[in-house]
Amino acid sequence: THAERWASPVVGLATGIVNGATGVSVMPLVPYLSSIGLQREALIQAMGLIFMVAMLALAACLAWTGHFAVASAGASALALLPVFAGMYAGQLVRVRLHGDAYRKWFFIGLIGLGAYSVIRASAQLI
């Protein structure tokens with residue numbers, strides 16, 4: 001659509017700023033991708049590709065600034081095991097849910113993660 005032409009770079013810039021400040025590339029990207037009408041599989045593929053590129057860019061920036069510790073790379077690699085298990089479980093659930101139900105539970109999960117992050121950050125302030 002016409003709005004997509006100007007909104008995509010704005011959302012990309014805003015997501016980059018949020019990701020640079022927090023390391024989280026979900027907001028405002030995921031609601032935007034959902035709002036432009038991507039189907040479930042296209043939404044999952046777009047998010048996977050964007051998150052992968054964001055993490056590679058983060059790793060490159062850490063290496064460039066000298067903050068990439070090879071010693072911790074092994075622990076990070078081990079942390080991928082539960083990630084892959086979660087991806088597999090998510091695929092099993094995704095193929096069983098109707099598109100609208102999937103979208104609803106997906107956003108409920110995002111709200112839950114956001115609430116957890118806010119509560120955790122608030123607890124550190126106290």
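Every chain is numbered independently, its residues counted from 1 as its sequence is written. Reporting in this predicted model follows two pLDDT cut-offs: at least 70 for local features of residues, and 80 or more for side-chain atom pairs to be given and counted; totals over whole chains, interfaces and linings ignore these cut-offs and use all residues. The basis for every side-chain value is the complete set of heavy atoms in the structure, and neither hydrogens nor water enter the calculation.

**Q** Residue-level account of the environment of Arg40, with values.
**A** With respect to the helices and strands, the residue Arg40 is situated in helix α3 (residues 40-64). Contacts were defined at the residue level, with two residues in contact if any of their heavy atoms lie within 4.5 Å. With residues up to four places along the chain from it excluded, the contact list for Arg40 reads Arg94, Leu97, His98, Gly99 and Tyr102. The numbering of helices and of strands both runs from the N terminus, where a helix is a DSSP run of H or I of at least 4 residues and a strand a run of E of at least 2.

**Q** Run through a nonpolar patch on the surface, naming residues and quoting values.
**A** A cluster of nonpolar side chains, contributed by Met55, Leu58, Leu62, Phe68 and Val70, occupies part of the molecular surface with about 440 Å² of accessible area. It is α3 that contributes the most residues to the nonpolar patch, three residues altogether. One can find Phe68 in the loop between α3 and α4 (70-96). What makes a patch is a set of residues exposed beyond 30% relative accessible area and free of salt bridges, joined within 9 Å when like-charged and within 5 Å when nonpolar (Val, Leu, Ile, Met, Phe, Trp, Tyr). Surface accessibility in these figures is a Shrake-Rupley result with a 1.4 Å probe; residues are shielded only by whichever protein chains are displayed. We define a salt bridge as a contact between a side-chain nitrogen of Lys or Arg and a carboxyl oxygen of Asp or Glu at a distance within 4 Å.

**Q** So, the packing of α3 against helix α5 (residues 99-125): which residues are in play, and what are the values?
**A** Angle between the axes and distance between the axes are the two parameters that describe a pair of packed helices. For helices, the fitted axis covers only the stretch in contact; all axes are lines through C-alpha atoms, and the angles between them, taken along N-to-C directions, range from 0 to 180 degrees. It is at 10 Å that the axes of α3 and α5 come closest, and there the two elements cross at 35°. Taken together, the residues of α5 that come into contact with α3 (itself represented by Arg40, Leu43, Ile44 and Met47) are Gly99, Tyr102, Arg103 and Phe106. Residue composition of the contact of α3 with α5, by class: five nonpolar, one polar and two charged. Only Asp, Glu, Lys and Arg are considered charged in this grouping, and only Ala, Val, Leu, Ile, Met, Phe, Trp, Tyr, Cys and Pro are considered nonpolar; every other residue, Gly among them, is considered polar.

**Q** Please set out the pattern of salt bridges residue by residue, giving values where relevant.
**A** Scanning the entire structure with this criterion turns up one salt bridge. Salt-bridge contacts for Arg94 lead to Glu41; the nearest nitrogen and oxygen are separated by 3.1 Å. With Arg94 in helix α4 and Glu41 in helix α3, the pair connects residues that are 53 residues apart, well separated along the chain. Residue Arg94 is classed as buried on the basis of its relative accessible area of 13%. Burial classification: accessible surface area is computed with a 1.4 Å probe over protein chains only, and a residue below 20% of its type maximum counts as buried, one above 50% as exposed, and the rest as partly exposed.

**Q** Which residues make up the packing of aromatic side chains, and what values go with them?
**A** Aromatic pairing here means that ring centres of Phe, Tyr or Trp (its six-membered ring) are within 6.5 Å. Orientation follows from the plane angle: under 30 degrees is stacked, over 60 is edge-to-face, and everything else is tilted. Applying the stated rule across the entire model yields two aromatic pairs. Pairing Tyr102 with Phe106 gives two aromatic rings, centres 6.0 Å apart and planes at 20°, and the pair type is stacked. Of this pair, Tyr102 and Phe106 both sit in helix α5, four residues apart, roughly one helical turn. Of the two residues examined, Tyr102 and Phe106, each falls in the buried class. Seen from their ring centres, Phe106 and Phe107 are 5.4 Å apart, and the 75° between their planes marks the pair as edge-to-face. Looking at Phe106, the relative accessible area reads 18%, which means it is buried. Judged by its relative accessible area of 24%, Phe107 falls in the partly exposed class.

**Q** How would you explain the side chain of Thr15 if you had to name every residue and give the values?
**A** With respect to the helices and strands, Thr15 occurs in helix α1 (residues 2-22). A relative accessible area of 7% places Thr15 in the buried class. We call two N or O atoms a polar contact when they sit within 3.5 Å, provided that within protein one can donate a hydrogen and the other can accept it, with sequence-adjacent residues counted only if both atoms are side-chain atoms. Side-chain polar atoms of Thr15 contact the backbone nitrogen of Leu29, separated by 3.4 Å. Excluding anything up to four places from it in sequence, Thr15 contacts Ser25, Met27, Pro28 and Leu29.

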